[in-house]
Amino acid sequence: MRYQVLGPLQVIDHGVVRQISAPKMENVLATLLARGNQVVSVPQLTLEIWGENPPRRATSAIHVYISQLRKLLSGADQGESPRPAGPIITSTSGYLLQVKPDDLDCWVFQRLVQRGRAELGARRYTAASATLAGALDLWRGPAFGQLGNGPIVTGFTDWLEELRLECVERQIEAELALGHHRELVGRLYRLISEHPLHEVFYAQLMRALFASDRRADALAVYAHAADVLRSELGLEPGLRLRELQRVVLIADGRERVALAPAV
């Protein structure tokens, strides 16, 4: 049984996608996956599904959802012979979903990011770029398909999004170190439009433009970043952006901003 959460939640059993019949049942599974191999209590599940205003029979409803999930994950809902033991374990304090390291795509993603970090730190830029690009390829859309707004799933999706942004940053760093400046310009313009307060992408775009002999465009990116940060946050650009602007202004055409990865 494999679980995909880097996009709409999917359960895949021997290559077949298992359909989850009810949204609240999907919320229960998402919560158990976000806390994979850890116990989630009934009060936590209640808060995750209904927030601060649960129905009177919330606990009974959770038992029903868990029972339905057990059937789904054992194959019993498909008319198959149930597996001897399903992955959902009942404890005195709640429920636990047993998940193997390779069965949850976000755990695979996390391991690839860690490997890419190490390769980048060792200046193995080609390997780092390939590893981190492979990690990003696992994403099919927003984590859990923007399912639910409970504290467990929301906290988990926020963490995944931060890790995804780190992965993007580091993959671009590897590509800059490999000299692929021109190829990155369009991608970085798109990224700053999607993440207008993310200074790292402005800095990377300035470096890519300057290394592509586009000094004026690099300075225009700095000016745009400064305008956005002042209007949105009342802040001046950070030290790294200011230093990049200084280098671009004083460069005599033979110099280049250092493209060593910012790790």
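Refer to the structure above for everything that follows.
Residues numbered from 1 in each chain as written. Predicted model: local features only at pLDDT ≥ 70, side-chain atom pairs only at ≥ 80, totals over all residues. Heavy atoms only, no water.

Chemist: Please explain helix α5 (residues 125-136) as it appears in this structure.
Modeler: The periodicity of an α-helix, 3.6 residues per turn, causes residues three or four places apart in sequence to face the same way. In a regular helix each residue adds 1.5 Å, so 12 residues correspond to 16 Å; α5 covers 16 Å between its end C-alpha atoms and thus fits that length. For α5, the complete set of buried residues consists of Y125, A128, S129, T131, L132, A135 and L136. For α5, the secondary structure elements touched by its buried residues are α4 (105-121), α6 (151-177) and α7 (181-194). (Helix = DSSP H or I, 4+ residues; strand = E, 2+ residues; numbered from the N terminus. Expected span 1.5 Å × (residues − 1). Buried < 20%, exposed > 50% of the residue type's maximum accessible area, 1.4 Å probe, protein only. Contact = heavy atoms within 4.5 Å.)

Chemist: Where do I start with the sheet that holds strand β1 (residues 2-4) in this structure?
Modeler: Hydrogen bonds along the backbone pair up the strands of a sheet, which may run parallel or antiparallel. Within the open sheet, the 3 strands sit side by side as β1-β2-β3. Their pairing is antiparallel. Across the chains shown, the open sheet's two edge strands, defined by having one partner strand only, are β1 and β3 (16-18). Neighbour-to-neighbour, the strand axes of the sheet open up by a mean angle of 35°, direction not taken into account. Strand direction decides the pairing type here: β1 and strand β2 (residues 10-13), joined by 3 bridges, are antiparallel. Counted as the bridge partner of Q4 is Q10 from β2. (Pairing = 2+ DSSP bridges. Axes fitted to C-alpha atoms, helices over the stretch in contact; angles between N-to-C directions.)

Chemist: Honestly, unusual backbone geometry in this entry has me stumped. Any pointers?
Modeler: Glycine aside, residues mostly have negative phi angles, and peptide bonds mostly take the trans form. In this structure, N37 takes a positive phi of about 65° despite not being glycine. Summarising the element assignment, N37 is placed in the loop between α1 (23-34) and β4 (39-41). A positive phi angle is found at R123, which is not glycine, with a value near 65°. Relative to the assigned elements, R123 resides in the loop between α4 and α5.

Chemist: Would you mind showing me how to read the packing of helix α8 (residues 199-211) against helix α10 (residues 239-250) here?
Modeler: A packed helix pair is summarised by two numbers, namely the angle formed by the two axes and the spacing between the axes. One can describe the packing of α8 onto α10 by two numbers: an axis separation of 10 Å at closest approach and a directional angle of 15°. With respect to α10, the axis of α8 lies roughly parallel. Relative to α10, α8 is oriented so that their crossing is left-handed. On the side of α8, the interface is formed by E199, Y202, A203, M206, R207 and F210, while α10 contributes R240, L241, L244, Q245 and V248. In terms of residue class, the contact of α8 with α10 is built from 7 nonpolar, 1 polar and 3 charged. (Parallel < 35°, antiparallel > 145°, perpendicular 65-115°, else oblique. Left-handed = near helix turned anticlockwise from the far one by under 90°. Nonpolar A, V, L, I, M, F, W, Y, C, P; charged D, E, K, R; others polar.)

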